[in-house]
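Understanding the architecture of this molecule
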Amino acid sequence: MPESGRIQVTISSTAEKVVYLVVFHLSFVMFVWSYWKTIFTSPASPSKEFCLSKADKEQYEKEERPESQQEILRRAAKDLPIYTTTASRAIRYCDRCQLIKPDRCHHCSACDICVLKMDHHCPWVNNCVGFSNYKFFLLFLMYSLLYCLFVAATVLQYFIKFWTNELPDTHAKFHVLFLFFVAAMFFISILSLFSYHCWLVGKNRSTIETFRAPTFRNGPDKNGFSLGCSKNLREVFGDEKKYWLLPIFTSLGDGCNFPTRLVIMDPEQLTVSSQNEPAKSSVSSQPFPTRPLSESQNRLLSSDCQWVESGSEEENVKSGTKKHIIVSLES
Ligand SMILES: [Zn+2]
Ligand SMILES: [Zn+2]
C-alpha cells in the first residue's frame, strides 16, 4: 500500500503519543497491581478464640444429641461477638474446621477453610474473595474496566476506518479488529459485575448474604450489617480517602466482629419484641450469647443513628420481621 496508508495508523502528534503512553501504563500498572493483590492475598480465617477448647471439642464429639451439642456451642460462644445464627437458630459451627463461625464467615469448599466475610470463591483469581482482599477485588474490577475502556476508545477511530475501507491492507487491520472486540467484550462483562459489587458495597452485603440473608435475633435481615451508604463504603475502603484507589489493605475492623444496625436499638426493647414471638424449643429459645448487643458498637456507629437507612423503608414494608422491630420501638 502507498506511504499515505501507513500514516493513517500512526500517531503523528508527540503530545498525543505521550498522553496515550502515560494513561495506558498507568491503568495497566494499577490493573496488574490490584490483580496481583487479589490473587496472592490469603483469605483470612477466624482467630483462635473461635476454636473450641480441647475439653469442649472432646465433649462435643462424644455427644450424639444435637441439642446437647448446641448447648456446648452456646456455652463456648457466650463471650464471643456473635450476633447471627443459622436459619434454625442454632450456633453456626464448622465441623470441618472445628470452630464457631464468626458473623459473615463461611466455609469455602474449594479452599477447605473458613473464610472471614466470605463473598465468593473466584476462579478468575483462583482465590477466595473475602474480608482480606475484597477491596483489592473491587479495584481490580475498576482498573480492568478503565484499561479495557482506554483500549477500546483509542482503537475506535481505526475500527471505523476498517469498515469504511480507509485502512491500509496490512496485518494491522486484523490487530485493530481483534483489539476492539476483545476490549469491548471484557468491558461489557466486567461492567455488569462491577456495578453489582458497587451495589453490594452500598448495601454492606456479601454475594452469599444476597442469596441467604443472615439470621439475627429478630430473624433474617439482609440489611442487618448496613450502616448507611457512606459508612458501608468506609467499612471496605477505610477512613482515609487517599488510600481508596490504591490496593493497600485499609478495610475497617478485624473481620470477626461487625457492627450491626440492630445494636442501636435498646436491648430491653429487643427482649420485649422477641418475647412476642411464638415460643420455641429450649434449644432455640436463647440462641445468642448473653453479652449485650450494644458491645459490638464501634466507631462506625458513633456519629449518628442510622438504624433505618435511607432507601430501605420499602424493604421494611415487605419484610414482616423488620416492620415488627420498628413498631416495637415506636410503641
Ligand atoms: Zn470451615
Ligand atoms: Zn475459596
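Quick caveat: nothing in here was measured; it's all calculated off a predicted structure.

Rules used throughout
Residues numbered from 1 in each chain as written. Chains lettered and ligands numbered in written order. Predicted model: local features only at pLDDT ≥ 70, side-chain atom pairs only at ≥ 80, totals over all residues. Heavy atoms only, no water. Helix = DSSP H or I, 4+ residues; strand = E, 2+ residues; numbered from the N terminus. Buried < 20%, exposed > 50% of the residue type's maximum accessible area, 1.4 Å probe, protein only. Core = buried A, V, L, I, M, F, W, Y, C linked by side-chain atoms within 4.5 Å. Contact = heavy atoms within 4.5 Å. Donors = N, O, S within 2.8 Å, 3.2 Å for Na, K, Ca; no water. Tetrahedral: all angles 85-135°; square planar, octahedral: opposite > 155°, others 65-115°. UniProt positions renumbered as here; feature names shortened; annotations may be inferred. Axes fitted to C-alpha atoms, helices over the stretch in contact; angles between N-to-C directions. Left-handed = near helix turned anticlockwise from the far one by under 90°. Nonpolar A, V, L, I, M, F, W, Y, C, P; charged D, E, K, R; others polar. Salt bridge = Lys/Arg side-chain N within 4 Å of Asp/Glu carboxyl O.

1. A closer look at unusual backbone geometry
Phi angles above zero are rare outside glycine, and D112 is one such case at about 60°. Relative to the helices and strands, D112 resides in the loop between β3 (106-108) and β4 (113-115). Unlike most non-glycine residues, N204 shows phi in positive territory, near 55°. Summarising the element assignment, N204 is placed in the loop between α6 (172-203) and α7 (207-211). Note on N204: relative accessible area 4%, which makes it buried.

2. Focus on the nonpolar core
In this structure, L73 and I100 are the most contacted members of the largest nonpolar core, which totals 21 residues. Among the secondary structure elements, those contributing two or more residues to this core are α4 (66-76), β1 (93-94) and β2 (99-100). Residues contacting L73, with those up to four places away along its chain left out, are L52, Y60, I91, Y93 and I100. Judged by nonpolar contacts, the second largest core, of 20 residues, contains V125, L139, Y143 and V236.

3. What to know about the coordination of the zinc ion (ligand 2)
At this site the zinc ion (ligand 2) is bound by C108 (SG), C111 (SG), H121 (ND1) and C128 (SG), with donor distances of 2.0 to 2.3 Å. For the zinc ion (ligand 2), the four donor atoms are set out with angles of 101 to 115° between them, so the coordination reads as tetrahedral. Mapped onto the sequence, the donors of the zinc ion (ligand 2) take the spacing C-x2-C-x9-H-x6-C. Of this pair, C111 sits in the loop between β3 and β4 while H121 sits in strand β5 (residues 120-122); the two residues are ten residues apart in sequence, bridging distant segments of the chain.

4. Some words on the UniProt feature "transmembrane region" (unreviewed entry) in the chain
Sequence positions flagged by UniProt for "transmembrane region" (unreviewed entry) are, in local numbering, residues 18-36, 136-160 and 172-196. In residues 136-160, the share of helix is 100% and the share of strand is 0%. The end C-alpha atoms are 36 Å apart. The annotated region residues 172-196 carries 100% helix and 0% strand content, and the separation between its end C-alpha atoms amounts to 36 Å.

5. What to know about the packing of helix α5 (residues 134-163) against α6
In the contact formed by α5 and α6, the axes pass within 7 Å of each other and the chain directions differ by 145°. Between α5 and α6 lies a crossing of left-handed hand. In the contact of α5 with α6, the residues fall into 30 nonpolar, two polar and one charged.

6. Quick notes on the pattern of salt bridges
Inspection of every chain in the model, using the stated rule, returns nine salt bridges. Measuring nitrogen to oxygen at the nearest pair gives 3.9 Å for the salt bridge that ties E58 to K54. With a gap of four residues between them, E58 and K54 both fall in helix α3 (residues 54-62), about one helical turn apart. The partly exposed category is assigned to E58, whose relative accessible area is 44%. For E240, the salt bridge is made with K242, and the minimal N-O distance between the two is 3.6 Å.

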